[in-house]
Amino acid sequence: MTRPFGSRFVLTLGLIAVLASALAQGLPDALTQAEERSGVVTARLDLEDARITQARTNADPTALRLDDLQAAQGVAIAEAELRAARYAAYEEIAGAYLQVLEATAQANLAREAVALSEQALDIARIRRDRGAATDLDVRDAENDLASARSDLTAATQGATLAQDAYASLVNLTADALPPVPDDLLDVPTPSMEDVTRRLEEAPNLLRAVHGVELARLALDLLDPSYAAQRDIDAAELQVTQAETSLTEARRGLALNAQSLLDGVERARDTLAVARQALDNARERDDVDASRLAAGLIADVAYQRTRLATLQAELAVLQARHGVLRALLTLQQGTGVAIEGLDAF
């Protein structure tokens, strides 16, 4: 017994895979375009300016300790800002890429739903003509088909918009994009201890660290022999305030990091559930395929099972993407590099 509905979908996926491997550039290729994003370009120019300023300061024999510290801090913060800009660009580009894949899959699924609705309408009309259904049953089937066609129109438009947005963002073709490589999804989730240890690299926390350094140096530069006690007291207060700000910055970033880490774990849990649901759907698909071959169910009943299987496959696709999104958001939100996602 042939399976026209499932065969069409499998053939479509096969053609997409062939075209993807031959023509399309994958997500790692797309992420290399991060260097061209305006935020990254600006951050890179800022870093070049900071390094020039530091070189000039180091070469200036009249430069004071405060000048040297500020110049060094300028380079450090510019480096951190460049990393953060890259991570934000990675997240933006990956989001556009994943949206193309999901929107295309949704359009394909909607197309198959239309085919099933058309088949259901044909059956309703046959049953009515043979006295086994009413005109109301036919109208219900017609309404279902109209709804399915409306969904297909919306899904097709969504896919087109997603492709246009992606192509505009990275100046690459959005046709037949390959799926996300497993190695990008399987990168280890950093521990909270590791994230906390490396949070000093985040621009916001680095600024707070610099504030403490500057306040302490300002206090160290004062001496009772030439500075009023009022000024020394004010400098000591500045140190205390800067240290308090640093403590609060660390606490706030740690809480945010924990929330983002929890988001990664939830995404991985969602993927595990979706995969289990897909396994169940495929098992039902195999059973109904056998029943169809044995003449125990009608073709339309099997096509409904096939549609449910395809919906489960879409759910897994979305869940896989959810893991990658959560990882990239963790990297961007904390400024902490995640090995495997921090350089393309």
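Residues numbered from 1 in each chain as written. Predicted model: local features only at pLDDT ≥ 70, side-chain atom pairs only at ≥ 80, totals over all residues. Heavy atoms only, no water.

Participant: Just to check I follow, could you spell out the overall build of the chain for this structure?
Facilitator: Across its full length, the chain holds ten helices and zero strands. Traced from its N-terminal end to its C-terminal end, the chain shows the element sequence α-α-α-α-α-α-α-α-α-α. Relative to its length of 344 residues, the chain is extended, with a C-alpha radius of gyration of 29 Å against a globular reference of 20 Å. Principal-axis analysis of the C-alpha atoms places the extent of the chain at approximately 110 × 35 × 35 Å. (Helix = DSSP H or I, 4+ residues; strand = E, 2+ residues; numbered from the N terminus. Rg over C-alpha atoms; globule rule 2.2 N^0.38 Å.)

Participant: What is the right way to look at the pattern of salt bridges in this model?
Facilitator: Where charged atoms of side chains with opposite charge meet at close range, the side chains can pair. Following the criterion strictly, the structure yields 21 salt bridges and no others. We note a salt bridge from arginine 282 to glutamate 313, for which the minimum N-O separation is 3.6 Å. In this pair, arginine 282 sits in helix H9 (residues 229–293) while glutamate 313 sits in helix H10 (residues 299–334), placing the two residues 31 residues apart along the sequence. Note on arginine 282: relative accessible area 40%, which makes it partly exposed. The network of salt bridges with common partners includes Glu35, Arg44 and Arg86. (Salt bridge = Lys/Arg side-chain N within 4 Å of Asp/Glu carboxyl O. Buried < 20%, exposed > 50% of the residue type's maximum accessible area, 1.4 Å probe, protein only.)

Participant: I'm lost on the confidence of the model for the chain in this one. Help?
Facilitator: When pLDDT is low, close inspection of the predicted coordinates is not appropriate. Put simply, the chain has an average pLDDT of 91, and 93% of its residues get 70 or more. In this model residues 1–23 is a low-confidence stretch, pLDDT under 50, and it forms 27 contacts with partners more than four residues away in sequence or in other chains. (pLDDT = per-residue confidence, 0-100. Contact = heavy atoms within 4.5 Å.)

Participant: Explanation requested: the nonpolar core in the structure shown.
Facilitator: Nonpolar side chains in soluble globular proteins tend to end up buried together. Of all hydrophobic cores here, the largest spans 81 residues; its most connected members are Leu27, Tyr97, Tyr166, Val180, Leu324 and Leu341. The leading source of residues in this core is helix H4 (residues 65–129), at 20 residues. If near-sequence neighbours (up to four positions away) are discounted, leucine 27 is found in contact with Ala94, Tyr97, Val180, Leu184 and Leu324. Counting residues in each nonpolar core, the second largest holds eight residues, with Ala105, Leu109, Leu116 and Leu307 among its members. (Core = buried A, V, L, I, M, F, W, Y, C linked by side-chain atoms within 4.5 Å.)

Participant: Any chance you could explain the packing of aromatic side chains here in plain terms?
Facilitator: By convention here, two paired aromatic rings are described through the distance between centres and the angle between planes. According to the stated counting rule, one finds two aromatic pairs in the structure shown. Here tyrosine 87 and tyrosine 90 contribute two aromatic rings whose centre-to-centre distance is 6.4 Å and whose plane-to-plane angle is 45°, an arrangement assigned as tilted. Pair noted here: tyrosine 87 and tyrosine 90 are both in helix H4, with a separation of three residues, about one helical turn. Note on accessibility: tyrosine 87 and tyrosine 90 belong to one class, buried. On the numbers, 5.6 Å between centres and 80° between planes, the contact of tyrosine 97 with tyrosine 166 is edge-to-face. With tyrosine 97 in helix H4 and tyrosine 166 in helix H5 (residues 135–170), this pair connects stretches of sequence that are 69 residues apart. Across the pair, tyrosine 166 and tyrosine 97 agree in class, each one buried. (Phe/Tyr/Trp six-rings, centres within 6.5 Å; stacked < 30°, edge-to-face > 60°.)

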